[in-house]
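Read off the chains here:
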Amino acid sequence: MRLTHRPLLLALRHPFRLALGMRTHTNAVLTELRWDDQIGYGEAAMPPYYGETQATATEFLDRAAAVLKNKSYPFDLPALMAEIGALAPGNHAAKAAVDLALHDLWGKMENQPVWQLLGGIDPAQMPRTSFTIGMDTPEVLRRKVAEAAGFQILKIKLGSDDDRAIIRTIREVSDLPIYADVNQGWTDRAAALDLIHWLAEQNVQLIEQPTPKDDLESAAWLTARSPLPIIADESFQRLADLDRVAESFHGLNIKLMKCTGLSEGYQIAVEARRRGLKILVGCMTETSCGIRAAAQIAPLCDYADLDGCWLISNNPYREPTLNDGKIRLGEAAGLGLISL
């Protein structure tokens, strides 16, 4: 097999503001894995707060390419990803770029969609996906809501002194359900609980990562008292973190870029369901490659936030099809990507 890769700067349609900062782009690296006449596609999307860069991803992928060149199809995907994972610690998004390409190639070689190969996934159980709106002026917030046409849920970034004003502005122009993503922005848990009760009255349906990621005590305190589900994001990365966070949150956010791809993302979804935890499948700012990959396991989840490819202006692939706010899983082999 031959692995190649190229960097891509994902340009955001709007500056993206959240509690921890603002950015106008996301660094990414796209991968292609060739075997015979088939190509599997993958992606590493790397927001700055996780520490990966195009340079670190390129270095890791060069090492992965040296391993993969000695492999052939059919391959033992779990064993192969264990070998790739052992090349170096960290590099979660770069590892996901290999994992996604392997899954896409696997599906194409078997002429089946990835969701079917994974097993136990019913496309009819696909949850609606939300459309993310970052912090901004009231005028821009209203414009962003208008751009969310086709989506049935809004995900609103909170974690500032203007949280109530932001929600009031959204409610001037939309009555759609809201997911509130705080990105660790609340440090006063009593004030946070008071705000959560108010948000519940505004048809907010969940609260994502309200407190600093290492403050599990405050998260547990809120979880015990909140009328809304409290979902771990920055506090939860990989399957090994499940025991650490399970008692502090109602549920967790699976992101392929932080858990090294579909192999582990699928395992997390199965184990979280077994434990009775709520599951949100999310994304970074990504192309349709990452979004379609995450959609393969979305029917195992309670909530979806798979909008990353709609937030960028230079997506190299066709966007997934939305039906009633849900990403449609089709019968196309692999991840079902279509290049533009």
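Reading the values: the criteria
- Residues numbered from 1 in each chain as written.
- Predicted model: local features only at pLDDT ≥ 70, side-chain atom pairs only at ≥ 80, totals over all residues.
- Heavy atoms only, no water.
- Helix = DSSP H or I, 4+ residues; strand = E, 2+ residues; numbered from the N terminus.
- Contact = heavy atoms within 4.5 Å.
- Polar contact = N/O pair within 3.5 Å; in protein donor to acceptor, adjacent residues only side chain to side chain.
- Buried < 20%, exposed > 50% of the residue type's maximum accessible area, 1.4 Å probe, protein only.
- Core = buried A, V, L, I, M, F, W, Y, C linked by side-chain atoms within 4.5 Å.
- Pairing = 2+ DSSP bridges.
- Axes fitted to C-alpha atoms, helices over the stretch in contact; angles between N-to-C directions.
- Salt bridge = Lys/Arg side-chain N within 4 Å of Asp/Glu carboxyl O.
- Right-handed = clockwise from strand over helix to strand, strands pointing away.

Asks: Just checking my understanding: could you explain the environment of Ser174 for this structure?
Replies: Tracing the chain through its elements places Ser174 in the loop between α6 (163-173) and β6 (178-181). Each C-alpha atom of the pair Ser174 and Gly251 lies 27 Å from the other, and the pair is 77 residues apart in sequence. Apart from residues lying up to four places away in sequence, Ser174 is in contact with Val145 and Leu154. Looking at Ser174, its side chain comes within polar contact range of the main-chain nitrogen of Leu176, at 3.1 Å.

Asks: Just to check I follow, could you spell out unusual backbone geometry for this structure?
Replies: Note the cis peptide between Tyr73 and Pro74, where omega equals 5°. For Pro74, the position within the fold is in the loop between α1 (54-68) and α2 (77-85). Residues other than glycine seldom take positive phi values, yet Asn111 does so here, at roughly 55°. Its location among the elements puts Asn111 in the loop between α3 (92-110) and α4 (114-118). Of note, Asn203 is a non-glycine position whose phi angle comes to about 65°, a positive value. On the secondary structure map, Asn203 appears in the loop between α7 (189-201) and β7 (204-208). Take Asn203: its relative accessible area is 32%, and that puts it in the partly exposed class.

Asks: It is not clear to me how the nonpolar core should be interpreted in this structure. Could you clarify?
Replies: Where a protein is soluble and globular, its nonpolar side chains tend to be buried together. Counting 114 residues, the largest nonpolar core has Ile207 and Leu306 as the members making the most contacts within it. Grouped together as the second largest cluster of nonpolar side chains are six residues, Ile153, Leu206, Leu280 and Tyr303 included.

Asks: Help me understand the sheet that holds strand β3 (residues 38-46) in this model?
Replies: Paired through backbone hydrogen bonds, the strands of a sheet run either parallel or antiparallel to each other. Strand order in this open sheet of three strands is β1-β2-β3, and the pairing throughout is antiparallel. Single-partner strands in this sheet number two, and they are β1 (2-18) and β3. For this sheet the average axis-to-axis angle between neighbouring strands, irrespective of direction, equals 20°. Where β1 and strand β2 (residues 21-35) come together, 13 bridges link them in antiparallel fashion. Across the sheet, Leu10 pairs through a bridge with Thr26, a residue of β2. Sitting on the sheet, α3 touches β1, β2 and β3, and the angle it makes with β3 is about 155°.

Asks: Just checking my understanding: could you explain the side chain of Glu208 for this structure?
Replies: Relative to the helices and strands, Glu208 is located in strand β7. What makes Glu208 buried here is its relative accessible area of 1%. Discounting chain neighbours no more than four positions away, the residues touching Glu208 are Lys155, Ala180, Asp181, Val182, Asn183, Ile231, Asp233, Asn253 and Leu280.

Asks: What's the story with the pattern of salt bridges in this structure? I'm lost.
Replies: Under the definition given, this model contains 17 salt bridges. Asp104 is the partner of Lys108 in a salt bridge, and the nearest nitrogen-oxygen pair spans 3.0 Å. Of this pair, Lys108 and Asp104 both sit in helix α3, four residues apart, which is roughly one turn of that helix. Of the two residues, Lys108 and Asp104, both sit in the buried class. Residue Asp136 pairs with Lys144 through a salt bridge whose shortest N-O separation is 3.2 Å. Salt bridges linked by common partners bring Lys155, Lys157, Asp181, Glu208 and Asp305 together as one network.

Asks: Looking at this structure, how should I read the sheet that holds β6?
Replies: The eight strands lie next to each other as β4-β5-β6-β7-β8-β9-β10-β11, forming an open sheet whose pairing is parallel. The open sheet terminates on both sides in strands that have one partner only, identified here as β4 (130-133) and β11 (303-304). Pairing of strand β5 (residues 153-157) with β6 involves four bridges; the strand directions are parallel. For Leu154, the partnering residue across the bridge sits in β6 and is Ile178. The strands touched by helix α11 (residues 262-274) are β9 (251-254) and β10 (278-281); relative to β9, the strand with the most contacts, the crossing angle is about 165°.

Asks: Would you mind going over the pairing of β7 with me for this structure?
Replies: Across a regular strand the side chains alternate sides, sitting on one face of the sheet and then on the other. The buried fraction of β7 is high, at four of five residues. Relative to β7, β6 runs parallel, the two sharing four bridges. Counted as the bridge partner of Asp181 is Glu208 from β7. Note that the unit made of β6, α7 and β7 has a crossover that is right-handed. For β7 and strand β8 (residues 230-232), the ladder comprises two bridges, and the chain directions are parallel.

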